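Here is what each chain is made of, one letter per residue.
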Amino acid sequence: MPMWLQALMWGTVAGGALVLGSGIAWLWKVPPKVVSTIMAFGAGVLISALAFELVDEAVEGGGLLPTIGGFLAGAVIFVGSNVLLNRAGAKHRKRSGGRQPSEKESPGSGTAIAVGALIDGVPESVVLGLGLLASGTVSPAMLAAVFISNVPEGLSSTAGMKKAGRSRAYVFGTWTGIAVFSGLASLLGYTALENAPEALIAFITAIAAGGILAMLADTMIPEAFEEHHNLTGLTAAVGFLTAFTIHRTGG
């Protein structure tokens, strides 16, 4: 299979986990503590992946300064975008409770939530394509991390969307569209940087890592802590160790 097609396929598979989580939440009422537990686990998985799969490899491949610059840029870009989206009604886009506004309460919030979910998912997908450039094969640890974390994202967000009265067409249209864009982002990460200098690849990889960490702090971890605060830290630690084990044994 051509490498560009692998990049497209794996990005779409990882994004498809959002649709899977969304389907579960739409068909069944999942207890909030279950949602928050899965969310905390997914957050721990992503923290491990960005530390060992992204930042560490960016430093090894392109040096410390491009990595630092990219990481800070990614965090600033995400936080700035998130502030604008929050003002438009997307602040609680990953919340499973009744905190998401309806379109009637906050006109335009549906679009803001969709755009916010897209911004959350694109950095993760780009690094899957970049991983193919670095090693010639998708990283099992990074793929597992993105997939595992996307399931609770789709689950929690959809539960909130459903309570806010958003339609089935809106919910599944949003997540299916993001899954497709995830595949395209992974393809772009592979094709656009195929012959790029190692320092530039490190910079772009670190941008994704910084954006992912900011996303975790702003959206995933607050949802996990809100419903299950007594065990959030332990659950996140188990997620971290799970991803680290995958990295050491198959990454």
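For the structure, check the block above.
Residues numbered from 1 in each chain as written. Predicted model: local features only at pLDDT ≥ 70, side-chain atom pairs only at ≥ 80, totals over all residues. Heavy atoms only, no water.

A.B. asks: I tried to follow the packing of helix α1 (residues 3-27) against helix α6 (residues 168-191) on my own but got confused; where do I start?
C.D. replies: In a packed pair of helices, the relevant descriptors are the angle between the two axes and the axis-to-axis distance. At their nearest, the axes of α1 and α6 sit 7 Å apart, and the two run at 160° to each other. By the angle between their axes, α1 is roughly antiparallel relative to α6. Considering the relative orientation of α1 and α6, their crossing is right-handed. Residue composition of the contact of α1 with α6, grouped by class: 15 nonpolar, 11 polar and 1 charged. (Axes fitted to C-alpha atoms, helices over the stretch in contact; angles between N-to-C directions. Helix = DSSP H or I, 4+ residues; strand = E, 2+ residues; numbered from the N terminus. Parallel < 35°, antiparallel > 145°, perpendicular 65-115°, else oblique. Left-handed = near helix turned anticlockwise from the far one by under 90°. Nonpolar A, V, L, I, M, F, W, Y, C, P; charged D, E, K, R; others polar.)

A.B. asks: How should a nonpolar patch on the surface be read in this particular structure?
C.D. replies: On the surface, a cluster of nonpolar side chains totalling about 610 Å² of accessible area is made up of Met1, Trp4, Leu5, Met9, Val13, Leu20 and Phe147. Relative to the helices and strands, methionine 9 is located in helix α1. (Patch = residues over 30% accessible without salt bridge, like charges linked within 9 Å, V, L, I, M, F, W, Y side chains within 5 Å. Areas by Shrake-Rupley, 256 points an atom, 1.4 Å probe, with all protein chains shown as cover. Salt bridge = Lys/Arg side-chain N within 4 Å of Asp/Glu carboxyl O.)

A.B. asks: I would appreciate a short explanation of the packing of aromatic side chains in the present structure.
C.D. replies: Applying the stated criterion across every chain yields a total of 3 aromatic pairs. Between the aromatic rings of phenylalanine 52 and phenylalanine 240, the centroid separation amounts to 5.9 Å while the plane-to-plane angle is 65°, which identifies the pairing as edge-to-face. Of this pair, phenylalanine 52 sits in helix α2 (residues 32-62) while phenylalanine 240 sits in helix α8 (residues 232-250), and the two are 188 residues apart along the sequence. Between phenylalanine 52 and phenylalanine 244, the ring centres sit 4.8 Å apart and the planes meet at 50°, which makes this aromatic pair tilted. Of the two residues, phenylalanine 52 is situated in helix α2 and phenylalanine 244 in helix α8; the sequence distance between them amounts to 192 residues. Classification of phenylalanine 244 as partly exposed rests on a relative accessible area of 27%. (Phe/Tyr/Trp six-rings, centres within 6.5 Å; stacked < 30°, edge-to-face > 60°. Buried < 20%, exposed > 50% of the residue type's maximum accessible area, 1.4 Å probe, protein only.)

As far as function goes, none of this settles anything; it's purely spatial.
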